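Chain by chain, the residues run as shown.
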2 protein chains.
Amino acid sequence: MDVNRICNFNAGPAALPEPVLQELQANILSFQTCCMSILEISHRSSDFDAVINDAVARTKRLLGIGEDYHVLFLQGGASLQFAMIPMNFLTEDRKADYINTGTWSTKAIKEAEIQKKNFTVAASSEDRNFAYIPKNFSFTPDATYVHITSNNTIKGTQWAKLPDTGSVPLVADMSSDFMCRPIDMSRFGMIYVGAQKNIGPAGVCMVVVRDDMLKLIPDGLPTMLDYRTHVEKNSMYNTPPCFAIYTVQLVLKWLEETIGGLGEMEKINLKKADTLYSAFDESNFYNGTADRDSRSLMNVTFRLPDEDLEKRFIAEAAQNGLGGLKGHRSVGGCRASIYNATTVESVEKLVSFMKDFEKKNQ
Amino acid sequence: MDVNRICNFNAGPAALPEPVLQELQANILSFQTCCMSILEISHRSSDFDAVINDAVARTKRLLGIGEDYHVLFLQGGASLQFAMIPMNFLTEDRKADYINTGTWSTKAIKEAEIQKKNFTVAASSEDRNFAYIPKNFSFTPDATYVHITSNNTIKGTQWAKLPDTGSVPLVADMSSDFMCRPIDMSRFGMIYVGAQKNIGPAGVCMVVVRDDMLKLIPDGLPTMLDYRTHVEKNSMYNTPPCFAIYTVQLVLKWLEETIGGLGEMEKINLKKADTLYSAFDESNFYNGTADRDSRSLMNVTFRLPDEDLEKRFIAEAAQNGLGGLKGHRSVGGCRASIYNATTVESVEKLVSFMKDFEKKNQ
């Protein structure tokens, strides 16, 4: 089908691989051989079991994890996880460390605070508007977990290397860089991912939780807010967001079979990021907002000489088929989100447009 | 497009109107004039604002409610609402009444119990396996709310007439009969609806809450679990389940513009239910499980003379293009869910098959 589609640099919901969209489209009226839509099949059917089980198996293969990790598909986004994490893991006798690297870390911290939990902000980059990832700080040695935001969508920074927390497990919000490259999962007690940036559509939150973390959970939590509920029922204690899970399954299949896994994905992502950051580094017109050693592979934030030029840049880019380049409303400027599904060709088109725009407006 | 589709009697996720599926399909690769998929557009875009605002406006028109009610699109299904309702409305000095009419009421009650809230089960039909809706019982006069399940998907019963609770507002789980007929909304402090039965796909829960209920909410709740968060942000405190909301919008448009509103919908639903229940009443082979005065317009539960016949009935029906007729795993037997999107023609086909099957197996 010949459809006019733009290069989509949205921060989330964001671009999905076109073959995934085509497969979704083909299954909207009748899913595989079910003679009913993917939106109409029962979550208790063997057809849907095959979808969710395949999504779990692919996640485990891609991350290189085994039986000691559980893969869950929940609702409420990362924002509900901000509350569930301290609720499940921080009983009165326990404490945690949080690293504050931006808007979403700040929100995660706020939810621990609302519940009056015992935690320390072990490091923060708030002093320079979160333009960098903190280095050289110390952790609480007997913390139950250290919480990080692996990639900061709004500020355009990313942990290049995981912090050394000794034997204390990391709990990470990976919403905006999940599966952008291989990671050492043994470092993590839990990761959670609002799917709508790098792995699927809005409406599902992936959680990968290590079995030993479940032993920390106190009894008496509301059923839906207790991770054990979802582990025991394979994410089907109640009706799951079936269509969103199906879309994630197709994205995982694309990652495994078309891209060739996270190592190959990283190569492509490095190429895209290099192409775009080089354009700044060769120019005095475009200025990246993140420190070089903290730059994100996924969200490239930059400013032009003034706000008027930024407005025109975004408008003219849109006219040239390049969408979603406005920075987050809280920080302004420009941002190109170049998640897994954004192609090298899209990034090259953007860089070519940037060069033209610079020439015309210097 | 000519697609082979069966008559779908699933209990949820369930049948959607075919024109809705066709419109979804047309917008999967490029939404309207956006040149990106409905799955890829930003929830902060004017395009998505138009979707959610239209869904809210149509809900208000269809229900005949004004500014004093808020329409929300949340995640976590009715199951998370079971916990949020007592958390938000039952502070220490308040109490509530619950009426237990089946599996889902029981789950709602359990969540109030987990939180050690002050409540009374004012009536229950558990003595006869929930085959009827209780009558002649008394309420706690100064309760904060009375909780009911308006339609019991598993047991096939429905409140034909709302209980008289005086000035105490009803809080109702309407997951399986929302918008099946006109209702007197002035009786309700809040209704909540897992969309996947009568109003959309899995992955979104609609909440309609009266403004005065918000004044009951204590400070200090986790942000995502406080209804005021979602009221203040028009359901966009965090990324909402955009595709599910879009699907609901299209179903609401179909209800308003194609069907002609809830009065017309009720006529069609009455016709379908009459057609199906008459088939029982004329037969000694099929036996409805719900008391006559408590029969559901939406979920028609019935038994055949023995379990072996039931198995064959379900299998042969499927071979004849009639799907989803198995009763809930907790009760067995058969169930035909005839929600808004199930056509009169589908019900007639089912009745015709039932008559044939009876003749062959008497």
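Residues numbered from 1 in each chain as written. Chains lettered and ligands numbered in written order. Predicted model: local features only at pLDDT ≥ 70, side-chain atom pairs only at ≥ 80, totals over all residues. Heavy atoms only, no water.

Draft legend 1. The overall build of chain A, seen in detail. When its secondary structure is counted, chain A shows 10 helices and 14 strands. Scaling as 2.2 N^0.38, a compact globule of 362 residues should have a C-alpha radius of gyration of about 21 Å, and chain A matches this with 21 Å. Structurally, chain A occupies a C-alpha span of about 65 × 55 × 30 Å along its principal axes. Sorting the 362 residues of chain A into buried and exposed places 65% on the buried side. Intrachain contacts of chain A at a sequence separation of at least 6 include 68% that bridge at least 24 residues. Per element, the accessible surface of chain A, about 13,600 Å² overall, is 47% carbon and sulfur. The averaged location of the 44 negative side-chain charges in chain A is 3 Å from the averaged location of its 38 positive side-chain charges. (Helix = DSSP H or I, 4+ residues; strand = E, 2+ residues; numbered from the N terminus. Rg over C-alpha atoms; globule rule 2.2 N^0.38 Å. Buried < 20%, exposed > 50% of the residue type's maximum accessible area, 1.4 Å probe, protein only. Contact = heavy atoms within 4.5 Å. Areas by Shrake-Rupley, 256 points an atom, 1.4 Å probe, with all protein chains shown as cover. Lys, Arg positive; Asp, Glu negative; His and termini not counted. Charge placed at Lys NZ, Arg CZ, Asp CG, Glu CD.)

Draft legend 2. Spatial organisation of the sheet that holds strand S11 (residues 287–288) of chain A. Residue and element names in this part refer to chain A. A sheet is described by the order of its strands in space; here three strands give the open sequence S11-S12-S14, paired in antiparallel fashion. Here the strands that pair on one side only, and so sit at the sheet edges, are S11 and strand S14 (334–337). Across two bridges, S11 lies against strand S12 (residues 299–303) in antiparallel orientation. Note that in S12 the partner of Gly288 across the bridge is Phe302. Lying over the sheet, helix H8 (residues 262–281) contacts S11, S12 and S14, oriented at roughly 15° with respect to S12. (Pairing = 2+ DSSP bridges. Axes fitted to C-alpha atoms, helices over the stretch in contact; angles between N-to-C directions.)

Draft legend 3. The arrangement of the domain arrangement of chain A in detail. Residue and element names in this part refer to chain A. In terms of domain boundaries, chain A breaks down into domain 1 (21–259) and domain 2 (261–361). Averaged C-alpha coordinates put domain 1 and domain 2 at centres separated by 27 Å. With 29 residues of domain 1 in contact, the opposing surface of domain 2 contributes 27 residues. Taken together, the two surfaces of domain 1 and domain 2 that pack against each other cover about 2,200 Å², and 54% of this comes from carbon and sulfur. For the pair domain 1 and domain 2, the number of links is two salt bridges. Between Asp293 and Lys135 there is a salt bridge whose closest N-O contact spans 2.4 Å. Counting every contact that joins domain 1 to domain 2 gives 15 residue pairs in polar contact (both at pLDDT 80 or more). Those elements that place two or more of their residues in the side of domain 1 that touches domain 2 are helix H2 (46–63), strand S6 (151–152), strand S7 (157–158) and helix H7 (242–259). Each residue belonging to the side of domain 1 that touches domain 2 can be placed in one class, and the counts come to 14 nonpolar, eight polar and seven charged. (Domains from an automatic or database assignment. Buried area = accessible area lost by both parts, 1.4 Å probe. Salt bridge = Lys/Arg side-chain N within 4 Å of Asp/Glu carboxyl O. Polar contact = N/O pair within 3.5 Å; in protein donor to acceptor, adjacent residues only side chain to side chain. Nonpolar A, V, L, I, M, F, W, Y, C, P; charged D, E, K, R; others polar.)

Draft legend 4. Structural context of the relation of the copies chain A and chain B. The two copies are related by a screw motion: chain A maps onto chain B through a turn of 180° and a shift of 0.0 Å along the axis, at an RMSD of 0.0 Å. Expressed as an axis order, the relation between the two copies is that of a two-fold axis. Most of the interface of chain A is mirrored in chain B, where 100% of its interface residues again form contacts. (Least-squares fit on C-alpha atoms with pLDDT ≥ 70 in both.)

Draft legend 5. Quick look at the packing of helix H1 (residues 18–26) of chain A against H7 of chain A. Residues and elements named next belong to chain A. Put simply, H1 and H7 touch, their axes get as near as 9 Å, and they point 135° apart. Classified by the angle between their axes, H1 and H7 sit oblique to one another. The hand of the H1/H7 crossing is right-handed. Of the residues in H7, those in contact with Pro19, Val20, Glu23 and Leu24 of H1 are Phe243, Tyr246, Thr247, Leu250, Val251, Lys253 and Trp254. Per-class residue counts for the contact of H1 with H7 are eight nonpolar, one polar and two charged. (Parallel < 35°, antiparallel > 145°, perpendicular 65-115°, else oblique. Left-handed = near helix turned anticlockwise from the far one by under 90°.)

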